[in-house]
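A look at the structure
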Amino acid sequence: MRETVGGEPTAVLAADYFASYSVVGLLMLVGVVFVAVAFGAGRLLRPVVPTPEKLLTYECGVDPVGEGWAHTQVRYYVYAFLYVIFAVDSIFLFPWATVFAAPGYGATTLVEMFIFLGFLAVGLLYAYKKGVLTWT
């Protein structure tokens, strides 16, 4: 007796299942081949004329002087980190706006968004109280 699921033999269902994954695998293979061909063509077509000037470290148009290690202020990283946090959090406003427009979700999503914005405000207030936002 053959095993069936919903009137279809299980072998047919398994074949359909693996066929859908074979399409994904084929697209991944095409993507890898495309990137490999592009890099290979670039390597073959570019001129290779190394000179001492070309082998120097390039740093914003200024000739490199001294060692490669330089002291960087941590405050720049803090500002960048705060920007990333608030930029990513602001991305959550877009799906909220679409759900807010749907009928029957207005009041619930409005309350949830004010809670979310409250957390953001508390985080910003905390950063301000710690003195992180003062430029020295």
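Residues numbered from 1 in each chain as written. Predicted model: local features only at pLDDT ≥ 70, side-chain atom pairs only at ≥ 80, totals over all residues. Heavy atoms only, no water.

On average, the protein scores 79 in pLDDT, and the residues at 70 or more come to 79%. For the protein, per-element mean pLDDT is lowest for strand 1 (residues 4–5), which scores 56, and highest for helix 1 (residues 10–45), which scores 87. (pLDDT = per-residue confidence, 0-100. Helix = DSSP H or I, 4+ residues; strand = E, 2+ residues; numbered from the N terminus.)

Before going further, it helps to spend a moment on the packing of helix 2 (residues 74–91) against helix 3 (residues 93–101). Two elements in contact, helix 2 and helix 3, have axes whose closest approach is 4 Å; the angle formed by their N-to-C orientations is 20°. Judged by the angle between their axes, helix 2 and helix 3 are roughly parallel. Two secondary-structure elements touch here, helix 2 through Asp89, Ser90 and Ile91 and helix 3 through Leu93, Phe94 and Pro95. For the contact of helix 2 with helix 3, a count of residues per class yields 4 nonpolar, 1 polar and 1 charged. (Axes fitted to C-alpha atoms, helices over the stretch in contact; angles between N-to-C directions. Parallel < 35°, antiparallel > 145°, perpendicular 65-115°, else oblique. Contact = heavy atoms within 4.5 Å. Nonpolar A, V, L, I, M, F, W, Y, C, P; charged D, E, K, R; others polar.)

In a regular helix each residue adds 1.5 Å, so 24 residues correspond to 34 Å; helix 4 (residues 106–129) covers 34 Å between its end C-alpha atoms and thus fits that length. Every buried residue belonging to helix 4 is among Thr109, Met113, Leu120 and Ala127, and all of these are buried. On its buried side, helix 4 packs onto helix 2 and helix 3. (Expected span 1.5 Å × (residues − 1). Buried < 20%, exposed > 50% of the residue type's maximum accessible area, 1.4 Å probe, protein only.)

Turning to the packing of helix 2 against helix 4, a few remarks are in order. Orientation of helix 2 relative to helix 4, taken along the N-to-C sense of each, is 170°, at an axis distance of 12 Å. Accordingly, the angle class assigned to the pair helix 2 and helix 4 is roughly antiparallel. Every residue of helix 4 that contacts helix 2 at Leu82, Phe86 and Asp89 is listed here: Phe116, Leu120, Leu124 and Ala127. Classifying every residue of the contact of helix 2 with helix 4 gives 6 nonpolar, no polar and 1 charged.

For Glu112, the position within the fold is in helix 4. Judged by its relative accessible area of 47%, Glu112 is partly exposed. When the C-alpha atoms of Glu112 and Trp96 are compared, they prove to be 9.1 Å apart, with 16 residues separating the residues in sequence.

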